[in-house]
Amino acid sequence: MSGVSVTKAAQDAATTGDDLVVLSDVNKHFGALHVLQDIDLTIARGEVVVVIGPSGSGKSTLCRTINRLETIDSGAITIDGKPLPQEGKELARLRADVGMVFQSFNLFAHKTVLENVMLGQLKVRKADKAAAEEKARSLLDRVGVATQADKYPSQLSGGQQQRVAIARALAMDPKVMLFDEPTSALDPEMINEVLEVMQQLARDGMTMVVVTHEMGFARSAANRVVFMADGKIVEEATPDQFFSNPRSDRAKDFLSKILHH
Amino acid sequence: MEAREIVFDFLEGYDLLGAFWVTVKLTVYSALGSLIWGTLLAGMRVGPVPLMRGFGTAYVNIVRNIPLTVIIVFASLGLFQTLQVTLGGGDDFEVINFRLAVLALSLYTAAFVCEALRSGINTVPTGQAEAARALGLSFTQVLRLIILPQAFRSVVNPLANVLIALTKNTTVAAAIGVVEAAYLMKDMIEAEAQLILISAIFAFGFICLTLPTGLLLGWVSKKVAVKR
């Protein structure tokens with residue numbers, strides 16, 4: 001059922017040919033470790049790209065370079081045609097258009113759930129308070145945590161916190177959403193509630209870059225799977241192609257280790 | 001009744017409450033001054049501008065290693081008598097000395113506030129700042145809205161220590177003629193015979209100021225702690 005609309009979104013993306021995020025020849029080192037090697041990746045508007053790969057392959061770093069939480073050593077990244085600026089007002093403006101969801105949720109611990117979702121609207125978008133609250137409440141309702149609005153993050157379960165984090169990012173009306181292993185810190189029974197929210201977002205046509213180990217999500221929601229190993233993009237394919245017929249040995253090896261039990 | 005009157009006879013003619021009131025005023029003004037300046041210094045020390053970081057580091061390391069007496073005496077001899085800085089006190093020595101003492105105490109205590117706060121900033125997980133930056137908040141907004149509120153909550157106890165130390169440090173202001181508790185004590189010791197009793201009275205006075213401060217802030221510390 002979700003497959004139909006996802007495929008449609010993919011076609012839309014393909015036909016418009018509208019590139020939202022473009023990484024070209026990106027390199028990054030952590031000391032001696034060459035963590036991103038000659039990365040070229042283009043993400044079209046409305047596309048859902050899932051990045052998978054073994055630990056330490058650079059996939060989280062890749063995700064974090066897109067809103068410049070990690071700087072790059074060489075190459076170029078553009079978002080909606082604009083190159084990523086240096087740290088400062090310009091970059092802050094650009095980051096506001098790029099939603100980010102972290103592995104460890106990172107909700108503001110001293111603010112309530114509602115305040116978490118309102119903060120960006122008030123301080124970055126300069127929205128009026130009543131409008132921000134209304135929007136925050138409707139987003140919290142959309143991710144299914146409306147009843148928790150006045151609690152503090154520490155009073156919520158991991159799954160609820162992550163859904164609030166998604167609502168917080170959505171409140172900025174981002175052009176693209178980055179998910180950096182959004183379910184890796186969750187108890188197994190909470191993973192699905194977060195994935196469902198992400199599935200819904202994908203169906204709604206949000207442009208998404210998702211770093212994850214959830215192969216089920218990659219199969220059902222991705223337009224494209226990007227497989228990374230040792231700092232390089234080894235393979236890019238549709239989920240069907242990738243999971244049933246991977247081309248590279250590295251991907252075959254990876255899949256054989258994770259899918260056979 | 002009789003006995004007490006005889007024992008505390010010598011207090012006659014001394015403005016004990018007035019002196020302690022000056023101590024309280026010195027403490028409150030200096031606490032506010034050092035809190036503001038110390039917060040700015042902490043902001044500089046964790047900030048992205050190398051020049052400000054360097055200034056913050058140098059300031060803290062120089063100021064906290066100079067004896068307070070030297071700083072207060074410098075404020076009087078250097079700022080006032082040599083450079084004629086009166087801080088708007090006109091030609092009223094009492095006002096000028098009081099203001100110079102507040103300035104010196106603030107500048108000195110700010111170094112300790114800064115360091116307490118910086119250790120509090122280190123307790124805030126980096127993810128908090130990353131999430132705030134990812135929303136598009138500027139550096140100062142991240143600091144003001146996310147980092148400092150959490151940092152302050154985790155350093156109420158260390159700041160209480162700084163405040164108690166400040167309360168007692170106000171006694172150094174006697175060196176430039178501010179008529180606070182220690183100044184009065186010196187006066188009384190010169191004129192009266194009950195040395196131990198005088199010391200005990202002033203010690204008790206300071207405990208009356210600092211003990212409730214510590215207890216209250218200890219309670220506040222538990223109350224505002226950020227749960228993670």
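Residues numbered from 1 in each chain as written. Chains lettered and ligands numbered in written order. Predicted model: local features only at pLDDT ≥ 70, side-chain atom pairs only at ≥ 80, totals over all residues. Heavy atoms only, no water.

Colleague: Residues and numbers for the overall build of chain B, please.
Modeller: When its secondary structure is counted, chain B shows 10 helices and 0 strands. Starting at the N terminus and ending at the C terminus, chain B contains elements arranged as α-α-α-α-α-α-α-α-α-α. The principal-axis extent of the C-alpha atoms belonging to chain B is close to 70 × 45 × 25 Å. Residues counted as buried form 43% of the 228 residues belonging to chain B. Sequence separation of at least 24 residues holds for 76% of the intrachain contacts in chain B that already meet a minimum separation of 6. In the structure as shown, chain B presents an accessible area of about 12000 Å², 68% of it carried by carbon and sulfur atoms. (Helix = DSSP H or I, 4+ residues; strand = E, 2+ residues; numbered from the N terminus. Buried < 20%, exposed > 50% of the residue type's maximum accessible area, 1.4 Å probe, protein only. Contact = heavy atoms within 4.5 Å. Areas by Shrake-Rupley, 256 points an atom, 1.4 Å probe, with all protein chains shown as cover.)

Colleague: An account of the pairing of strand 6 (residues 98-101) of chain A is needed here, citing residue identities and associated values.
Modeller: Residue and element names in this part refer to chain A. Side chains V98 and M100 project from strand 6 onto one buried face, and the interleaved G99 and V101 project onto a second face that is buried too. Bridge analysis of strand 6 against strand 7 (residues 176-180) gives 4 bridges, and the strand direction is parallel. Bridge pairing in strand 7 places V98 opposite V176. (Pairing = 2+ DSSP bridges.)

Colleague: Mind laying out the side chain of E181 of chain A, listing which residues take part and the relevant values?
Modeller: Following the sequence through the fold, E181 of chain A ends up in the loop between strand 7 and helix 7 (188-203). Contact partners of E181 of chain A, with chain neighbours within four places excluded, come to K59, S60, Q103, V211 and H213 of chain A.

Colleague: Give a detailed account of the interface of chain A and chain B, specifying residues and quantitative values.
Modeller: Taken together, the contacts link 25 residues of chain A with 19 residues of chain B. Taking both partners together, chain A and chain B bury about 1800 Å²; carbon and sulfur atoms supply 62% of that area. Applying the counting rule to chain A against chain B returns 2 salt bridges. On the surface where chain A and chain B come into contact, there are 7 residue pairs in polar contact (both at pLDDT 80 or more). Of all elements in the fold, only helix 3 (89-96), strand 6 and helix 4 (113-123) of chain A reach the threshold of two or more residues within the side of chain A that touches chain B. (Buried area = accessible area lost by both parts, 1.4 Å probe. Salt bridge = Lys/Arg side-chain N within 4 Å of Asp/Glu carboxyl O. Polar contact = N/O pair within 3.5 Å; in protein donor to acceptor, adjacent residues only side chain to side chain.)

Colleague: An account of a nonpolar patch on the surface is requested, with residue identities and associated values reported.
Modeller: All names here are of chain B. A surface patch of nonpolar side chains, about 300 Å² in accessible area, is lined by V28, Y29 and L32. Locating V28 in the fold gives a position in helix 2 (residues 16-46). Residue V28 is classed as partly exposed on the basis of its relative accessible area of 44%. (Patch = residues over 30% accessible without salt bridge, like charges linked within 9 Å, V, L, I, M, F, W, Y side chains within 5 Å.)

Colleague: Mind laying out the pattern of salt bridges, listing which residues take part and the relevant values?
Modeller: If you walk through the whole model with that rule in mind, you get 26 salt bridges over all chains. Of the charged contacts in the structure, one is a salt bridge between E87 of chain A and R133 of chain B, with a shortest N-O distance of 3.7 Å. With E87 of chain A in the loop between strand 5 (82-83) and helix 3 and R133 of chain B in helix 6 (residues 126-134), this pair bridges two chains. Residue E87 of chain A is classed as partly exposed on the basis of its relative accessible area of 47%. The closest approach of N and O atoms between D204 of chain A and R142 of chain A, which form a salt bridge, is 3.5 Å. You can see D204 of chain A sitting in the loop between helix 7 and strand 8 (207-211) and its partner R142 of chain A sitting in helix 5 (residues 129-142), a full 62 residues away along the chain. Exposure remark for R142 of chain A: the relative accessible area of 47% places this residue in the partly exposed category.

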